[in-house]
Amino acid sequence: MGTGTIAIETQSLEKHYGRVRALDGLDLRVAEGEVHGFLGPNGAGKSTTIRVLLGLARATGGSARVFGRDPWRDAVQLHRGIAYVPGDVNLWPNLTGGEAVDLLGRLRGFGGGSAAAVRRRRDELIEAFEFDPTKKGRAYSKGNRQKVALIAALQTPADLLILDEPTSGLDPVMEAVFGREIARVAAEGATVLLSSHILSEVELLCDRVSIVRAGKTVETGTLADLRHLTRTEVSFARGGLTDAQLASLPNAHDLRTEVGRGVAEVGRGVTEASRGVAEVGRGVTEAQGARVTADGSAADGATDERAARRVHFTVDSDDVASVLPALGALGVTGLTITPPSLEELFLRHYGDDL
Amino acid sequence: MSAGRAGRLQVLVRQRLRRDRAQLLIWVLGTGVLAAGSVASVVKTYGTPQDRAGILQVAVANPTILVLRGLPDGTSTGGFAFFELFAFLAVLAGLMSTFLVVRHTRAEEETGRAELIASTPAARTLPTVATVIVGVLANVALGVVVALAFLTIGVGSGTSGADVAGSLLTGAALAGVGIFFVGAALLVAQVMRTSRGANGVAAALVGAAYLLAGIGNAVGALGGATGAAGIDVTSAWPSWLSPIGWGHQVHPFTTANALPLLLDLAGAAVLVASAFAVQASRDSGASLLGARAARASARRLLASPLALAWRLQWPTIVGWAVGGAALGALVGALGPAVQSAVNSDAAALRQIGGGDPNASIVSLFVRAVFSIIGVLAAGSAVQAVIRLRQEQTAGTAELVLAARVSRATWMLGYLIVGTVAVIVVLGSAALVAAALLGADAGPAGATPGSATAGDVFGAALAQLTAALLYLGGLALVFSLVPRATIAVGWGALAAGTALGLYGALLGIPQWLRDVSPFAHSPAAASDWSGGYWMLALAALAAAGAAAVIRRREVV
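Residues numbered from 1 in each chain as written. Chains lettered and ligands numbered in written order. Predicted model: local features only at pLDDT ≥ 70, side-chain atom pairs only at ≥ 80, totals over all residues.

## Some words on the overall build of chain A
Spelled out, the test is: Per the convention used, a helix needs a DSSP run of H or I reaching at least four residues, while a strand needs a run of E reaching at least two, with both numbered from the N terminus. To assign burial, the other C-beta atoms lying within 10 Å of each residue's own C-beta are counted, with C-beta atoms placed from the backbone; 20 or more indicates buried, 12 or fewer indicates exposed, and intermediate counts indicate partly exposed. Our contact criterion uses C-beta atoms placed from the backbone: two residues qualify when those atoms are within 7 Å.
Along the backbone of chain A there are 13 helices and 15 strands. A burial count over chain A gives 41% of its 354 residues as buried. Relative to all contacts within chain A whose residues are 6 or more apart in sequence, the contacts with residues 24 or more apart total 73%.

## Details of the confidence of the model for chain A
Selection rule: Known as pLDDT, the predictor's per-residue confidence is scaled from 0 to 100.
On average, chain A scores 83 in pLDDT, and the residues at 70 or more come to 84%. Counted against residues more than four places away or in other chains, residues 262-302 of chain A, with its pLDDT under 50, gives 52 contacts.

## Observations concerning the packing of helix α8 (residues 164-191) of chain B against helix α11 (residues 260-281) of chain B
All names here are of chain B. How we decide: Each axis is a line fitted through C-alpha atoms, taken for helices only over the stretch in contact, and angles between the N-to-C directions span 0 to 180 degrees. Between 65 and 115 degrees an angle is taken as roughly perpendicular, under 35 as roughly parallel, over 145 as roughly antiparallel, and anywhere else as oblique. Definitions for this section: a left-handed crossing has its near helix turned counterclockwise from the far helix by less than a right angle. A right-handed crossing has that turn clockwise. Any residue that is not Ala, Val, Leu, Ile, Met, Phe, Trp, Tyr, Cys, Pro, Asp, Glu, Lys or Arg is counted as polar, Gly included; the first ten are nonpolar and the last four charged.
Two numbers describe how α8 lies on α11: the axes approach to 8 Å, and their chain directions differ by 20°. When the interaxial angle is binned, α8 and α11 end up roughly parallel. Crossing of α8 over α11 shows left-handed handedness. Classifying every residue of the contact of α8 with α11 by side-chain character gives 17 nonpolar, 6 polar and 1 charged.

## Examining the sheet that holds strand β6 (residues 160-164) of chain A
Residue and element names in this part refer to chain A. Operational definition: A pair of strands is labelled paired if DSSP reports no fewer than 2 bridges between them.
Spatial strand order, β5-β6-β7-β3-β8-β9: 6 strands in an open sheet with mixed pairing. Edge strands, defined here as strands with exactly one partner in the open sheet, are β5 (82-85) and β9 (216-222). Across the sheet, the mean angle from the axis of one strand to that of its neighbour is 15°, orientation sign disregarded. Packing of helix α6 (residues 172-187) onto the sheet brings it into contact with β3 (35-39), β6 and β7 (191-195), and relative to β7 it is tilted by some 150°.

## Side note on the pairing of strand β1 (residues 6-17) of chain A
Residues and elements named next belong to chain A. Sheet topology places β1 next to strand β2 (residues 20-31); 9 bridges connect them, and they run antiparallel. Its bridge partner lying in β2, Ile8 is registered against Val30. Counting the residues in the hairpin turn of β1 and β2 gives 2 residues, including Gly18, whose phi is positive at 60°.

## A look at the pairing of β6 of chain A
Consecutive side chains of a regular strand alternate in pointing toward one face of the sheet and then the other. All names here are of chain A. In terms of residue burial, β6 counts as a mostly covered element, since 5 of its 5 residues are buried. Here β5 pairs with β6 via 4 bridges, running parallel. Counterpart to Ile82 in the pairing with β6 is Leu160. Where β6 meets β7, 5 bridges bridge the pair, whose relative direction is parallel. Looking at β7, one finds that Leu163 is bridged to Leu194.

## Overview of the sheet that holds β1 of chain A
All names here are of chain A. Pairing within the open sheet is antiparallel, and its 3 strands lie in the order β2-β1-β4. The open sheet is flanked by β2 and β4 (61-66), the only strands paired with a single partner. In this sheet, adjacent strand axes meet at a mean angle of 15° when their direction is disregarded. As defined by bridge partners, β1 adjoins β4 across 5 bridges and the pair is classed as antiparallel. Bridge assignment links Gln11 to a residue of β4, and that residue is Ser63.

## Description of the nonpolar core
For clarity, the threshold we go by: A set of buried residues qualifies as a nonpolar core if it consists of Ala, Val, Leu, Ile, Met, Phe, Trp, Tyr and Cys joined through C-beta atoms within 7 Å.
Counting 247 residues, the largest nonpolar core has Ala381, Leu471 and Ala475 of chain B as the members making the most contacts within it. Considering every element that reaches this core, the biggest residue donor is helix α14 (residues 361-394) of chain B, with 20 residues.

## Remarks on the interface of chain A and chain B
If you look at the interface, chain A gives 30 residues, while chain B gives 26 residues. Secondary structure elements with two or more residues in the side of chain A that touches chain B: α2 (75-79) and α3 (97-107) of chain A. Sorting elements by how many residues they give to the side of chain A that touches chain B places α3 of chain A first, with 7 residues. In terms of residue class, the side of chain A that touches chain B is made up of 15 nonpolar, 6 polar and 9 charged.

## Thoughts on unusual backbone geometry
A negative phi holds for most residues other than glycine; trans holds for most peptide bonds. All names here are of chain A. Here the phi dihedral of Ser12 falls at roughly 45°; this positive angle occurs in a residue that is not glycine. Checked against the element boundaries, Ser12 lands in strand β1. With 14 C-beta atoms counted inside 10 Å, the residue Ser12 sits in the partly exposed group.

## A word on α8 of chain B
Using the following cut-off: Each helix should span, by expectation, one fewer than its residue count multiplied by 1.5 Å.
An ideal rise of 1.5 Å per residue puts 40 Å on 28 residues; α8 of chain B measures up with 41 Å between its terminal C-alpha atoms. Taken across its 28 residues, α8 of chain B has 24 buried, putting it largely inside the fold.

## Overview of the packing of helix α16 (residues 407-437) of chain B against helix α18 (residues 464-480) of chain B
Helices that pack against each other are described as a pair by the angle of their axes relative to one another and the distance between those axes. Residues and elements named next belong to chain B. Taken N-terminus to C-terminus, the directions of α16 and α18 make an angle of 160°; their axes are 10 Å apart at the nearest point. In terms of axis orientation, α16 runs roughly antiparallel to α18. Crossing of α16 over α18 shows right-handed handedness. When α16 is examined against α18, the residues Met411, Leu415, Gly418, Thr419, Val422 and Leu426 are found in contact with a partner set consisting of Leu464, Ala467, Leu468, Leu471 and Ala475.

## Digging into helix α9 (residues 195-222) of chain B
With 28 residues, α9 of chain B extends 40 Å from end C-alpha to end C-alpha; this agrees with the ideal 40 Å at 1.5 Å per step. Most of α9 of chain B is tucked away, with 22 of its 28 residues classed as buried.

## Here's the deal with the environment of Ile82 of chain A
All names here are of chain A. With respect to the helices and strands, the residue Ile82 is situated in strand β5. Using a count of 27 C-beta atoms within 10 Å as the deciding quantity, one classes Ile82 as buried. Here the alpha-carbon distance between Ile82 and Glu201, two residues 119 residues apart in the chain, equals 21 Å. Not counting the four nearest positions on each side in its chain, Ile82 is found in contact with Ala158, Leu160 and Ile162.

## Looking at the confidence of the model for chain B
Residue and element names in this part refer to chain B. Mean pLDDT for chain B: 85, with 87% of residues reaching 70 or above. Across chain B, α18 holds the top mean pLDDT of 96, while helix α13 (residues 347-353) sits lowest at 49. Per the prediction output, this complex has pTM 0.78; the corresponding ipTM is 0.76.

## Things to note about the environment of Ala130 of chain B
All names here are of chain B. Within the element layout of this structure, Ala130 appears in helix α7 (residues 125-151). Under the C-beta neighbour-count criterion, Ala130 is labelled buried, with 23 such atoms within 10 Å. Considered as a pair, Ala130 and Ser371 are 241 residues apart in the sequence and their alpha carbons are 39 Å apart. Not counting chain neighbours up to four residues away, the residues in contact with Ala130 comprise Leu9, Leu12, Val13 and Arg16.

## Some thoughts on the environment of Leu29 of chain B
One can find Leu29 of chain B in helix α1 (residues 2-45). Here the alpha-carbon distance between Leu29 of chain B and Ala141 of chain B, two residues 112 residues apart in the chain, equals 9.2 Å.

Quick look at the structure:
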């Protein structure tokens, strides 16, 4: 397994296409045996990084090392141990899927395994992915083309799997099959670099993740590490609590009261909130009016409406415990505490307001 | 609703014209310039009616010349230029139509773009209608330009003014041939599954039309139907199977009979109607040739970049080889006729054959036809390198290069397959020719007055070097400027053919003709200096390409 040794390391990696800086000082470290999520918005430079790591593109600046070797110079030797699934799989129109799978396995030298073992794995994978290998390349749908690349990559033993959005086009059942296969190769000690937009997949499979934006790494660490950077959301029924009581909550951020029952009430909330903005100047409407924020003074309506209101606030994930006694003292009802979702994590990093 | 339909049709026609504007302009104007230059050269070289009559007599007495030229149409300058040029121009028109139609039909379906259009109210048929319209427009433009080229005969020549009617008829005949092939390509594109296959079959039809017209003329001349002055030929039936033959029958500068043009138009109408009928009955993207049951796993041998290159290309190589074998059959079938032609004046053939005074007429004829087979061989080489480029753009090269394959090894596979293709094309032509000639197994020139197996295989071998130079040279272009590979490949082949094979006919100066690799093909068994130079250059270019590609990103 070789824990501690580095499978992939890039330092200040740069790749320019004319005046476009696809990679602008990207740092990436993947330890051997680790399943590493490689995340970032479209055009962030994920595929370019992968092409450099495969020796298909040459770095303009900085350094890239795969198992300690230069991927551009030593591409052929390195590729024996690397299996690759491109994001957009193109097949030869007149070769069948089965032929393409076999050809790629052989071109990889069976990954150092035996032909018979690879053949057995191939047949198992074809069955697991419910793949028809007898059709010509031109006849496959996107998902089925993806299966060709997945089966070709997974059939041979590999020290490193580089997967560029490998499940795009797969149905959920096949995604589950893919997840099982990755868990299997990871258990066997392979290193996996998984570029993906599917957050549940990342959450399920990855030990660590790196988030890139505009050709740079903006965040890297375990998912637990990244969660620390975010806040936990707390909410409870407002009931008859006063603003002063709410203000006494320690470490609470973004404190607000929301109306959130049905669509109709949300619609009403919007008008109310905008009235609040007009009259009091303290209400804030959030994106698309789906979440409405207004302070207590904007809501002097009937008590049943008041009862439908919920107080929301966020708290640093490390400070959750410190809020609980205060909540207990207020005797709140309908308490929910939501850990930060990966979506929030990513939206934070993908959005423009970084 | 009908106004909307007309509007959509207009959009589609305009989109095609816009997409093709550079390409069609080059085809039309290039052909026009070629025609004008050749006409000027004819006027200059064969100034008097006596000169022209003399050449025509030689041609009629040597039907092999008729195979590769055209049908005599009197001794006027225009008629003589028509004889020399029409078949050649008609092939260009046919190829223009073929590529135009396939580009906008089968190729669009193959890439999936057709589906995007078919999902709009334009549906499935309107794009095909637009393609026919653009094809007809392009050929009319070509006809006009060539008619103008023939009208320049009057300019500056004191003997006879321009024959306006004859020039216009020539242009019309040419447009007629081109429009026929619009229909032919349209139907072929419906039947074939890939654009490569459709282009191959439709282009082969153009070649077959050229050969059929020539064979019909030659057979007519051999049958003695040559008129009183020995300069008229009544074509035999094979010519009437060929749209190019129909064009010849117009005789624009003598009898001026436009009726055969109706055959072109009627033929085109039938072909277009059939294409629409086929299209109406099939799914978008599907073809008449259905998918066959295929292998679930690869053959044992499909395990290297070379094996992949071969697996991808052998069907195309077979296509080129069939073309070579057909020309080889022509050599074999007409060889005896050449030998028995009584009034043999060898001068013209000798010029084509490279001026070897010791060669027999038959072996000169063999060499002349093999120079065309050499173009096919070079074409197969060009296509091998173009395949590299196509693998690169299709994204399939990435899969191979991400495996344990270096860029140089990857390219080498295609170069080896290209070399094999060249050998297969030339070899199949030589085998068929030698077998049909019943050639003696002797060295070149061993039997005076006929061709030996040595003559035939020697002529084939002589074409090897130019084809290999195309292979190596284009590989170097691919390694340096991949984007230019396809244009440079076919462009260089066309230019090399025009300069090297037809340069003398087109009145192009020697230094420019020498640019063409074909001008340096070893003409006689004894003089291989040009051949060795080309071999060395080909090897150098290939080595250079390998060195460059080691240092460059490919995908």
